[in-house]
Amino acid sequence: MSNLPTTFLTHSQRVCRLYKQLFALARREEWPNRLTYRQRMVEYRARLDANKNVQDLMKAKRLLIAGEEELKKAMYWHTENFNFPESPNGIADSRFPTPDDAALDAWHPMEKAQYPTYFATREKRKKAYMEWYLKRYGIPDPPMM
C-alpha cells in the first residue's frame, strides 16, 4: 500500500515530473549521439519556457495534459514491439527445443534396458493411443502415387 499516492500533485510538480521524464526519454532515444541528445533537451526546455508565464490556469492545464499525452505516445513507440525473451518471437524462443518423443523409438535396445519400467509404460501408452486413434479416425487410406 505504500506505493499509493497520498496527496495530490500541484501543477508545478506535474510540470517538473514531465520535464524529467522528457529528459529521460531523450537520453534513451539519443544517448549514443551526444549532440542530438543535447539538441532534444534544449528543444524540450524551450517549449516549456515558452509557456511558463501562462496566467490562464485552464490553458496551462490543457498544455500540461497535451504534453503528458505526447510523452505517453513517444514512450509507447518504444514498447509496442517489445517481446519477453521466452515469449513467442522473443530472442530466446525455442532456444532449447524439446526433442520429439519419436526420438526414443530410435534408442538402441541396450539403452532402453537401462530404463525398463519407463519403456514398458511407454509401450502400453503407445498401444492405447493407437487403439484410440484407430477407433476414432479409422484406418488411414494408403497414399496415392
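Described below are features of the structure shown in this document.

Conventions we followed
- Residues numbered from 1 in each chain as written.
- Predicted model: local features only at pLDDT ≥ 70, side-chain atom pairs only at ≥ 80, totals over all residues.
- Heavy atoms only, no water.
- Helix = DSSP H or I, 4+ residues; strand = E, 2+ residues; numbered from the N terminus.
- Buried < 20%, exposed > 50% of the residue type's maximum accessible area, 1.4 Å probe, protein only.
- Contact = heavy atoms within 4.5 Å.
- Salt bridge = Lys/Arg side-chain N within 4 Å of Asp/Glu carboxyl O.
- Expected span 1.5 Å × (residues − 1).
- Arc of directions from axis to C-beta.
- Core = buried A, V, L, I, M, F, W, Y, C linked by side-chain atoms within 4.5 Å.

Here we look at the side chain of Arg 122
Now for step 1: Position of Arg 122 relative to the elements: it lies in helix H5 (residues 116–137).
Now for step 2: Residue Arg 122 is classed as buried on the basis of its relative accessible area of 7%.
Now for step 3: Not counting chain neighbours up to four residues away, the residues in contact with Arg 122 comprise Asp 101, Ala 102, Leu 104 and Asp 105.

What about the pattern of salt bridges?
Now for step 1: Applying the stated criterion across every chain yields a total of 10 salt bridges.
Now for step 2: The residue Arg 40 makes a salt bridge to Glu 29 at a minimum N-O spacing of 2.6 Å. Placement of Arg 40 in helix H2 (residues 34–50) and of Glu 29 in helix H1 (residues 11–30) is noted, with a sequence separation of 11 residues between them.
Now for step 3: Assessed through its relative accessible area of 17%, Arg 40 is described here as buried.
Now for step 4: Here Asp 49 and Arg 45 are joined by a salt bridge, their closest N and O atoms 3.1 Å apart. With Asp 49 and Arg 45 both in helix H2, this residue pair falls four residues apart, about one helical turn.
Now for step 5: According to the relative accessible area criterion, Asp 49 is partly exposed, its value standing at 32%.

Things to note about H2
Now for step 1: The first and last C-alpha atoms of H2 sit 24 Å apart over 17 residues, in line with the 24 Å expected at 1.5 Å per residue.
Now for step 2: Every buried residue of H2 is listed here: Tyr 37, Arg 40, Met 41 and Tyr 44. On an axial view of H2, the arc spanned by its buried residues comes to 100°, and they lie on one face. Exposed and oriented more than 90 degrees from the buried face of H2 are Leu 35 and Ala 50.
Now for step 3: Of the surrounding elements, those touching the buried residues of H2 are H1.

Side note on the nonpolar core
Within soluble globular proteins, side chains that are nonpolar generally end up buried alongside one another.
Now for step 1: With 10 residues, the main nonpolar core is built from Leu 18, Leu 22, Phe 23, Leu 25, Ala 26, Tyr 37, Met 41, Tyr 44, Leu 64 and Leu 71.
Now for step 2: Of all the secondary structure elements, the ones that give two or more residues to this core are H1, H2 and helix H3 (57–79).
Now for step 3: Tallying contributions element by element places H1 first for this core, with five residues.
Now for step 4: Once residues lying within four places of it in the same chain are set aside, the contact partners of Tyr 37 are Phe 23, Ala 26, Arg 27, Glu 30 and Trp 31.

Some details on H1
In an α-helix, one turn spans 3.6 residues; hence positions three or four apart end up facing the same way.
Now for step 1: Look at H1: 28 Å from first C-alpha to last across 20 residues, which is about the 28 Å you get at 1.5 Å a residue.
Now for step 2: Listed as buried for H1 are Leu 18, Leu 22, Phe 23, Leu 25 and Ala 26. End-on, the buried residues of H1 take up no more than an arc of 160°, which puts them together on one face.

Note that all results are geometric; they support no functional claim without further evidence.
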